[in-house]
Amino acid sequence: MTTLIVTSSAHGSTREIAERVAEVLRTSQSVETVVEDVAGAAAWLATADAVIVAAPVYEGSLAADARHFLDSRRAELADKPLLFLASGGGYELDPKVREKLESYGPREIAFFRGALVEERLGWLEKLKLKVSRNENYGDYRDWDAIEAWAKSLSGHGVR
Ligand SMILES: Cc1cc2nc3c(=O)[nH]c(=O)nc-3n(C[C@H](O)[C@H](O)[C@H](O)COP(=O)(O)O)c2cc1C
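Everything numeric in this text was worked out from a predicted model, so none of it was measured. (Residues numbered from 1 in each chain as written. Predicted model: local features only at pLDDT ≥ 70, side-chain atom pairs only at ≥ 80, totals over all residues.)

Right, let's get into the overall build of the protein. Within the protein one finds 6 helices and 8 strands. Seen in sequence order, the protein has helices and strands lined up from the N terminus as β-α-β-β-β-α-α-β-α-β-β-α-β-α. Taken over the C-alpha trace, the protein has a radius of gyration of 15 Å; the compact-globule value for 159 residues is 15 Å, and the two agree within 12%. Counting only C-alpha atoms and orienting by the principal axes, one finds that the protein spans roughly 45 × 30 × 25 Å. A buried classification covers 33% of the 159 residues belonging to the protein. Taking the intrachain contacts of the protein between residues at least 6 apart in sequence as the baseline, contacts between residues at least 24 apart amount to 78%. (Helix = DSSP H or I, 4+ residues; strand = E, 2+ residues; numbered from the N terminus. Rg over C-alpha atoms; globule rule 2.2 N^0.38 Å. Buried ≥ 20, exposed ≤ 12 C-beta atoms within 10 Å, placed from the backbone. Contact = placed C-beta atoms within 7 Å.)

Turning next to unusual backbone geometry. Phi at Ser30 is positive, roughly 55°, even though this residue is not glycine. Within the secondary structure, Ser30 is located in the loop between helix H1 (13-29) and strand S2 (32-37). Assessed through the 10 C-beta atoms surrounding it within 10 Å, Ser30 is described here as exposed. If you check the backbone angles, Glu59 has positive phi at about 50° while not being a glycine. Within the secondary structure layout, Glu59 lies in the loop between strand S3 (50-58) and strand S4 (61-62).

Okay, the site of the ligand next. Not every one of the 22 residues close to the ligand is listed here, only the nearest: Ser9, His11, Thr14, Gly88 and Gly114. If you list the elements that add at least two residues to the shell around the ligand, you get H1, S3, strand S5 (82-88), strand S7 (115-116) and helix H5 (123-131). Residue composition of the shell around the ligand, grouped by class: 8 nonpolar, 11 polar and 3 charged. (Near = placed C-beta within 6 Å. Nonpolar A, V, L, I, M, F, W, Y, C, P; charged D, E, K, R; others polar.)

Okay, the pairing of S3 next. Among the 9 residues that make up S3, 8 are buried, leaving the element largely enclosed by the rest of the structure. Strand direction decides the pairing type here: strand S1 (residues 2-7) and S3, joined by 5 bridges, are parallel. Residue Leu4 lies in a different strand from S3, and its bridge partner there is Val51. In this structure, S3 lies alongside S5, joined through 6 bridges in parallel fashion. Residue pairing across strands places Ala55 opposite Ala86, the latter belonging to S5. Across 2 bridges, S3 lies against S4 in antiparallel orientation. (Pairing = 2+ DSSP bridges.)

Turning to the UniProt feature "domain: Flavodoxin-like" (unreviewed entry) in the protein, a few remarks are in order. Per the UniProt entry, the sites bearing "domain: Flavodoxin-like" (unreviewed entry) are residues 3-154 in this numbering. For residues 3-154, helix accounts for 38% and strand for 26%, while the C-alpha atoms at its two ends are 11 Å apart. (UniProt positions renumbered as here; feature names shortened; annotations may be inferred.)

Below you can see the structure in the form of structure tokens.
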């Protein structure tokens, strides 16, 4: 029994959340986990009993590579427990993004604040944040909440 955690993470903070979730599942729930970047995740789908997609929100949408994965693998994902972990700079998940995620029929949608680290961003990203007045640089990840969520997953088909 294996849970595949698919990550999209332009700047690494969502990947770190995914790795922490995997560690909690392994150590406290005895769940076998594979954490794989979205680019290589398809190869693991056949052997996965459950799939968690961990991806950030960028400019009002789930990261494009995660959306592409979900759309191109819809049939394979349909017969497995599917869960979402979205991360973002805001306090809550944009209702439009939540609506989109619900269309994939997940068992669970969680949202956690991520990290916005100035040194990791390119000039265009920094400019976009400046223009939209969203220069809230910092690491907002709530590790206790993330770990508590991971521990709650056995009721959602993660095994
Ligand atoms: C250009 C840009 C646009 C962003 N747009 C959003 C957004 O629309 N909503 C949101 O909640 N967070 C937004 N964020 C914040 C990211 O989702 C957050 O920093 C996330 O933790 C990044 O994950 P990563 O390090 O895995 O790439 C944006 C960040 C950047 C740099």
